[in-house]
Amino acid sequence: MSARKAPEGPFPYPTHPTWALNLYEAIVNTCGVEGFAPVPQQAVLDALAPALGEGEAKHVTERRRESRFLRATAYHVEQRDTDGALLVLKAKLHGAATLPWVNNDRTRSAWLHPSAENQQRLEELVDQQRSVAVRTVALERARSALRTLSPTATAAENSAAAAAVEAAEEELARARRELEVCEQTLGKRRPLPVVRAVTEDGIPLAALTTEAVRTEVATEVQRYAVETLRQRARQRPYDLAESLVQEGQRDSTVVVLQRTPVIDQDGSRRHIWRGQQATGANRTDARLETFGITPQHLLTGVPQSLLRLPGEEDNRRMVVRGLGEILRRISSLLNAEYADPDQDLEGRAQRAARIAQVPARIVVGAKKPERLEESLRQLNVHEHLRGQLDYEDMDRSLGLWSTLVKAYRTKGLLGELLAQEVAHGRIAASELDEEAIADALVGARALDELMVLLPPGDDVGPMTLRDVAIRCATVLVFPPVPPRPEGLSARAHMPTGQYWPVVRAALQEASWTQRNGDKAKRRTEIWAAVVAQHFLRPGPLAAAEGLFGRAEVQFGVRTDARSLASLLTACRQGDPAAWEALVRRHLAPGMISGAEPFITPNQGSLTSAQRKGVRRAPSNAVQSLVEAYTNPPEGVTRALLLAFAESVLRAPDSPAGDGLAPGTFWAPDAHGDPCEGLLADKEWFDALFPLTSFPRSKRPQPPADNIAAEDGGSGEDTVELAEEIPEDPLVRLTRLRMEVSAVVDSSTVGAAALAEQIARLLVTLEDAVRAREEAGAAEEPAQVQKLYVEDFNKIKAECAKIAPLLDKATLAVMSL
C-alpha cells in the first residue's frame, strides 16, 4: 500500500486494529450477558472488522464500568427462545466484503452428497481443468510462434512451427475430452462442502468452518456455486445489478463468518476468514460484479493487476489475499476515480457509489453453535418459500424436506421414527446421533452417518447407504398412522399418532380426513426430489407422479424390514410380496434417475423424435414390472427379472464398460446373462413390459410390529355358527367408504389407460396412411374400411355410456 494519504470518498476503509479488538471485547461481553456463545476472535479480526468500515465499530459499541458492550440498538436476537437462536449485529458492511454462501438452499439440487468418492472425483476434475488451462496456453504460444515467423524462414522452420501447432491442438482436444469424462463422473455437479461450527479448546463457537481442501478446489467450488446461483436468478423479472446501482440495497441481509482452510501449491496451510451471505446471496454477487471483483478472487486472493495502486509496479505473480488489504485497495482506487472531475459517469466508482456500504445482520452469537448451519439454512428456506423470488420445483421440494426434517428434530421424534420404521427396533432411538443423521438426510454430510441404520450383515457401500437413505425419506414423508380403533364412532376424531401432525404442520396440509390428491402429489414431489439427490443424474419430479396415492398419505408407508440381499433372496425363492416391495420401494428410484431412465414423465411435451420408448404413466411402468413376476409377458423369466433388478441397483455406481457409458448396462436375456450389444433402456423396457391396463389393487404393507397379542383363555379359540352374522351398518359404511376410494382410483387409471390406447390407435392409423402414400399402395377395400368403422362406432357407444354413469355417481356422492 502506498504511504501517501488515501483519497476521501464514499467508499470506506477498514476498521483500525485497535477498534477491532474493542469490538471483539464488546461481542464477548454481550454474548455472556445474553447467554450466547460468541464468534472466534480471529473471525472478528480477519473478516468482520475489515468489512465494517472506519468508525463503524465505534458506533456499535459502548463502555460500561471499564468494559465494552454492544449498544442495545446495535443488536437483536433472531428466533429467540429456541435452540437455534442467533445474536446478530446490525451494522453497515463494505459492499465488496462478503461472499455468496455456497450452502444456499435455493441451489441445493445442483449439489452432490459430500462423500469421499465424490470429493476424489472433484480433485481429479480440478487437476484436469488445470491441464486444459496449461495446454490452452501452450497452443496460444505455438500459434503466436507460427504467426511471428520471419518471411525468410525456411520450409523446415515453417513445417516445424505448423507441426507444433497441430500437436498442441491434439493435446488440448485430448485434455478437453478427459475433462468431459471427469464432468460426467460427477453428473456435471459438485459435492456440497460440509460446514460445522468452529471449535476452540473443545468449545463450539458461533462461526462455521469447512474441511481443508486445496486452494484450486476451493476456487472451483465457489465458482460453481456462483454460476448455479446466477442460473436460478434468471427467474427475476428485473436486472438486479442495475437495481442496486440505481437504488442501492435497502433491506438488511444475514451474514455468517466462515473459515475456509486451504492448502496452497507449496503445501502450506492457511485459514481464510470471510463473511458469507446466508441470505441475499444474489445481491452479493451483483455487488461484486459491480465492483469488478469475482467471488473466487475475493475468497482465495485478487491478482495485483486488478488492484494496482498509482505508482506501484505491475507484478503478475503478486496476489492480494488479506480482506483488509483488498478492501483498502478497492476503496482507494474507487475514491480516487469518484473524485476525478473527468470521471466516466458509467465507471465503477459511479455505479458502485450507492452500494459502497450496505446494511447487514452479522451473526456474532449462537445459543447452540452446533445448530448454527441448520438455523441459517432455515432462514434461507423461509426467505424463498415465503418471499418474492421463488424456488424452482426441485429446490422448493428440497426446501420443504429440510423444513420437515427440522420439524421432526424439534419434536424429538426423528430418532424414534427411524429406529422403529427403518431399523425396525434393532437399535434404540437414544443410540442415534440425530444431528448427524439429519445433516446427512438434507445433504449437509455424507451418507456414512446412516450406516447405523443398515440391517445386520449388510455391506457398507454406496448402494446400501443410498437404499437406507431412500427408506428414511419414505417413512419421513409418509409416516405410519395407527389403524382406526375398533368401536370408534364414524364422526369421532381419528387419532393419527405422533408423526402425522408433524408432517401436516411442516407442509401446511389440510386435516387428515380430507383425502384429496393434492397432498399425495405434493408429498410425492418431495419424495422424488429427495431421492433424486442420491443419483448423479436426477430424474424429473413428474417421473414419480402416481407412485404414491392418497392411501399412502393417510396411513403411511411401512418399509420392509428385510435388507436388499434378503429381498433378492426371497424373490429367488418365489415370494411375490418381496418382489413388489423391491420394485416399488427400491428399484423405482433407480429406474427414474438412471443414466438410461426406464420411467419418464407421462407428458406430451416429451413426445419428440429423440424420446425412447412409449409414453406411459410412471405407475403403469412400475405395475407392469410388478405383474411380470406372477404373470410374465412373453420372453420374460424370473432369472431375467432378478438380473434386471440387480443391475438397476448397481447401475449408479457402475463404471464405463466396453461400449457402455457409466451407469448403463446390457439388457439381460431369459437366463439372466447380459446380451452384449443390446442396451437396457426405456425402449427395451417398454417392449418387454408393454403398456397395459391393470386393475387397481390395494398395495400390501408389512405387518405392524405392535400387533396386540391374543388373550389366553379357556374354551375354543374360534367357532363356526350355522348362520351368517349380519354386518353392522357402521362397519359396512366404513368398509364401503374405503372401497369407494379404491374404485375411484381404479376407474381413473382405467380411463387414462383407455385414452392412451385410443391415442395409440390414432397414431398407428396416421402412420399407416403415411406409409401407404409413400409406398404408392392402394387403399383398403371399402368392405374392410366399413368393418373398421363399425368397430369404432362400437367403441364410441361404449364410451357414451360413461358420461351418464358419472353424472349419476356425482349425484350419489352428494348424499354420501
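Note that the structure is predicted; figures quoted are calculated from it, not measured.

Criteria and cut-off values
Residues numbered from 1 in each chain as written. Predicted model: local features only at pLDDT ≥ 70, side-chain atom pairs only at ≥ 80, totals over all residues. Heavy atoms only, no water. Phe/Tyr/Trp six-rings, centres within 6.5 Å; stacked < 30°, edge-to-face > 60°. Helix = DSSP H or I, 4+ residues; strand = E, 2+ residues; numbered from the N terminus. Buried < 20%, exposed > 50% of the residue type's maximum accessible area, 1.4 Å probe, protein only. Lys NZ or Arg CZ within 6 Å of the ring centre and 35° of its normal. Polar contact = N/O pair within 3.5 Å; in protein donor to acceptor, adjacent residues only side chain to side chain. Contact = heavy atoms within 4.5 Å. Core = buried A, V, L, I, M, F, W, Y, C linked by side-chain atoms within 4.5 Å. Axes fitted to C-alpha atoms, helices over the stretch in contact; angles between N-to-C directions. Parallel < 35°, antiparallel > 145°, perpendicular 65-115°, else oblique. Left-handed = near helix turned anticlockwise from the far one by under 90°. Nonpolar A, V, L, I, M, F, W, Y, C, P; charged D, E, K, R; others polar. Pairing = 2+ DSSP bridges. pLDDT = per-residue confidence, 0-100.

Explanation requested: the packing of aromatic side chains in the structure shown.
Two measures describe an aromatic ring pair: the distance that separates the ring centres and the angle between the ring planes. The tally for this structure, following the rule as stated, stands at 12 aromatic pairs. On the basis of an interplanar angle of 90 degrees and a centroid distance of 5.0 Å, the ring pair of Trp-111 and Tyr-224 is categorised as edge-to-face. One end of the pair, Trp-111, is in strand E7 (residues 111-112); the other, Tyr-224, is in helix H6 (residues 215-232), and 113 residues separate them in sequence. Using a relative accessible area of 7% as the deciding quantity, one classes Tyr-224 as buried. In this structure an aromatic cluster arises from ring pairing among Phe-598, Phe-644, Phe-665, Trp-684, Phe-685 and Phe-689. The side chain of Lys-367 reaches across the aromatic face of Phe-36, ending 4.8 Å from its centre. Cation over ring: Arg-638 sits above Tyr-629, and NZ or CZ is 4.1 Å from the ring centre.

What is the right way to read unusual backbone geometry from this model?
The general pattern is negative phi for most residues beyond glycine and trans for most peptide bonds. A positive phi angle, close to 55 degrees, is found at Gln-79, a residue other than glycine. Within the secondary structure, Gln-79 is located in the loop between strand E4 (75-78) and strand E5 (86-94). Taking relative accessible area as the criterion, Gln-79 reaches 25% and is therefore assigned partly exposed. In this structure, His-424 takes a positive phi of about 55 degrees despite not being glycine. With respect to the element layout, His-424 can be found in the loop between helix H14 (414-421) and helix H15 (434-441). Since its relative accessible area comes to 19%, His-424 is described here as buried.

Just checking my understanding: could you explain the side chain of Asp-264 for this structure?
Along the chain, Asp-264 turns up in the loop between strand E12 (253-263) and strand E13 (269-277). Given a relative accessible area of 12%, Asp-264 falls into the buried group. In this structure the side chain of Asp-264 is engaged in a polar contact, spanning 3.4 Å, whose partner is the side chain of Arg-321. Each residue touching Asp-264, except ones within four places of it in the same chain, is listed here: Thr-215, Arg-270 and Arg-321.

Sorry if this is basic, but what is going on with the nonpolar core here?
Among the nonpolar cores identified, the biggest contains 95 residues, and Trp-401, Tyr-408, Leu-418, Trp-527, Trp-579 and Leu-625 are the most heavily contacted of them. Sorting elements by how many residues they give to this core places helix H16 (residues 462-477) first, with nine residues. Ranked by size, the runner-up nonpolar core spans 86 residues in total, among them Ala-51, Val-126, Leu-208 and Ala-352.

Please explain the packing of helix H20 (residues 564-572) against helix H23 (residues 638-650) as it appears in this structure.
Between two packed helices, the angle of one axis relative to the other and the distance separating the axes together describe the packing. The interhelical angle for the contact between H20 and H23, taken along N-to-C directions, is 165 degrees, at an axis separation of 11 Å. Regarding the angle of H20 to H23, the classification is roughly antiparallel. As H20 packs across H23, the resulting crossing turns out to be right-handed. The segment H20 lies against H23, with Leu-564, Leu-568, Cys-571 and Arg-572 engaging Leu-642, Ala-645, Glu-646 and Leu-649. Residues that form the contact of H20 with H23 fall into these classes: six nonpolar, no polar and two charged.

Just to check I follow, could you spell out the pairing of E13 for this structure?
Sheet faces and side chains relate simply in a regular strand, where the side chains alternate between the two faces. Counting buried positions along E13 gives seven out of nine residues, so the element sits mostly inside the fold. Two elements, strand E6 (residues 98-100) and E13, share three bridges in a ladder whose sense is parallel. Across the sheet, the residue bridging to Leu-99 is Gln-276, located in E13. Direction of pairing for E12 relative to E13: antiparallel, over a ladder of nine bridges. Counted as the bridge partner of Val-255 is Gln-277 from E13.

Explain the confidence of the model for the protein to me, please; I cannot follow it from the model alone.
Any region with low pLDDT has predicted coordinates that should not be read closely. When pLDDT is averaged along the protein, the result is 85; 90% of the residues meet or exceed 70. Looking across the protein, the model is least confident in helix H25 (residues 729-775), with a mean pLDDT of 71, and most confident in strand E1 (residues 37-38), with 96. Across residues 700-724, where pLDDT falls below 50, the model places 12 contacts with residues more than four positions away in sequence or in other chains.

Is there a simple way to think about the pairing of strand E2 (residues 61-64) in this case?
In this sheet, strand E3 (residues 67-70) lies alongside E2 in antiparallel orientation, the contact comprising four bridges. Opposite Glu-62, over in E3, you have Phe-69 as the bridge partner. From the end of E2 to the start of E3, which pair antiparallel, there are two residues, and Arg-65 there has a positive phi angle of about 50 degrees.

I would appreciate a short explanation of the environment of Glu-166 in the present structure.
Mapped onto the fold, Glu-166 is located in helix H5 (residues 155-185). With relative accessibility at 45%, the residue Glu-166 sits in the partly exposed group. The sequence separation of Glu-166 and Ala-142 amounts to 24 residues, and the corresponding C-alpha distance is 8.9 Å.

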